[in-house]
Amino acid sequence: MTDLDPIGLFFGGMEKLGPGRDADTVQVLRSLPRERFDVVVDAGCGAGRQTLALAKALGCRIDAVDSHQPFLDSLGRRAAQAGAASLIHARCMDMKDIPAVFPDIDLLWSEGAAYNIGFANALVCWRPAVRAGGFVVVSELVWLQDDPPPMARAFFQACYPDMKPMAANIAIAGDAGYRVLGTHTLPREAWVEGYYAVLQPRAAALADHADASVRALAQEIAKEIEVFSACGGSYGYVFYVLERP
Ligand SMILES: C[S@@+](CC[C@H](N)C(=O)[O-])C[C@H]1O[C@@H](n2cnc3c(N)ncnc32)[C@H](O)[C@@H]1O
């Protein structure tokens, strides 16, 4: 019996589990044509960096959904430290079940997480849960260049073959029944600060770990960061700001 937890080894204690920054979260939030929302759900919240940013900016209850309880525990601790515990309601569940649990959402937020159930599938699945005139804000990894470098193409062909050009997702959102209000591309710093800057030394320290699965994850993370350093401009995280008519 082992208590080895590779996810905890690499991601434990991190406030963000993917690229993102509070400044970008708030900038996108402020781009919405409404300022107050009754029901706000953060899908795939992880440790909740953006959950806390949303709670602070909106001052209202946020329902934070994730399928990994240790991340929600981390969010709970950080919400208490920030004096925002009363605003954050964490729920360990699959994001595909959101319509059954939250049928009347005003704002459904999801940063770097929708891909887990497929970007297009997530938009179709969540639409019935969003009130007419409500919003879905979802960030997704996309190609920013038509002809990305072979190194980036090969890497993502192996680990995210469904990755689309930025414009293709606009068409997907339209087909799923949303009006696209805008997009926002995360800057390079949002990948590095508090994310790759934390992961890179962890991956280096775990590269020779006794457990093969830990060594493999260390290698994968190191490769991902190498690809980003060499070809980061050819792809990126894009927020799609959508309204349900
Ligand atoms: C890359 S992390 C992003 C977390 C957070 N939004 C952030 O930017 O820091 C993706 C998150 O989605 C969660 N997740 C994966 N599949 C899920 C599912 N089917 N339902 C709910 N959460 C899921 C993971 O546990 C993880 O916390």
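An unreviewed UniProt entry lists the protein under the name Class I SAM-dependent methyltransferase, with Vineibacter terrae given as the organism.

Q: Now, about the UniProt feature "domain: Methyltransferase" (unreviewed entry) in the protein: what can you tell me, with residues and values included?
A: The sites that UniProt annotates as "domain: Methyltransferase" (unreviewed entry) are residues 40–113. Secondary structure content for residues 40–113 is 36% helix and 27% strand, and the end C-alpha separation is 16 Å.

Q: So what's going on with the pattern of salt bridges? Residues and values would help.
A: Under the counting rule described, the total for this entry stands at 12 salt bridges. Among the ionic pairs, Arg21 bridges to Glu189, the shortest N-O distance being 3.8 Å. A residue pair is termed long-range when its members are at least 10 positions apart, and Arg21 in the loop between helix H1 (6–11) and helix H2 (22–30) and Glu189 in helix H9 (residues 189–205) qualify at 168 residues. Put simply, Asp106 and Arg34 hold a salt bridge, and the shortest N to O gap is 3.3 Å. Of this pair, Asp106 sits in strand E4 (residues 105–110) while Arg34 sits in the loop between H2 and strand E1 (40–43); the two residues are 72 residues apart in sequence, bridging distant segments of the chain. Salt bridges here are not isolated pairs; linked through shared partners, they connect Arg21, Asp24 and Glu189.

Q: Can you break down the pairing of E4 residue by residue, with the values?
A: On any regular strand, side chains alternate: one points to one face of the sheet, the next to the other face. The element E4 is largely enclosed, with a buried count of six among its six residues. Across three bridges, E1 lies against E4 in parallel orientation. Of the residues in E4, the one forming a bridge with Val40 is Leu107. In the classification by handedness, the crossover that spans E4, the intervening helix H6 (residues 119–126) and the parallel strand E5 (residues 130–143) is right-handed.

Q: Mind laying out the environment of Arg91, listing which residues take part and the relevant values?
A: Examined against the element boundaries, Arg91 turns out to sit in strand E3 (residues 88–92). Accessibility expressed as a relative area gives 43% for Arg91, which makes it partly exposed. Between the alpha carbons of Arg91 and Pro70 there is a distance of 12 Å; along the sequence they are 21 residues apart. Not counting the four nearest positions on each side in its chain, Arg91 is found in contact with Ala64, Val65, Asp66, Leu72, Val101 and Phe102.

Q: Could you give an account of the packing of aromatic side chains, with specific residues and numbers?
A: Using the criterion set out here, one finds 15 aromatic pairs in the structure. Residues Trp143 and Phe156 carry aromatic rings whose centres are separated by 5.7 Å and whose planes lie at 90° to one another, so their mutual orientation is edge-to-face. Of this pair, Trp143 sits in strand E5 while Phe156 sits in helix H7 (residues 150–159), placing them 13 residues apart in sequence. Taken individually, Trp143 and Phe156 each receive the classification buried, so the pair is uniform in this respect.

Criteria and thresholds
- Residues numbered from 1 in each chain as written.
- Predicted model: local features only at pLDDT ≥ 70, side-chain atom pairs only at ≥ 80, totals over all residues.
- Heavy atoms only, no water.
- UniProt positions renumbered as here; feature names shortened; annotations may be inferred.
- Helix = DSSP H or I, 4+ residues; strand = E, 2+ residues; numbered from the N terminus.
- Salt bridge = Lys/Arg side-chain N within 4 Å of Asp/Glu carboxyl O.
- Buried < 20%, exposed > 50% of the residue type's maximum accessible area, 1.4 Å probe, protein only.
- Pairing = 2+ DSSP bridges.
- Right-handed = clockwise from strand over helix to strand, strands pointing away.
- Contact = heavy atoms within 4.5 Å.
- Phe/Tyr/Trp six-rings, centres within 6.5 Å; stacked < 30°, edge-to-face > 60°.

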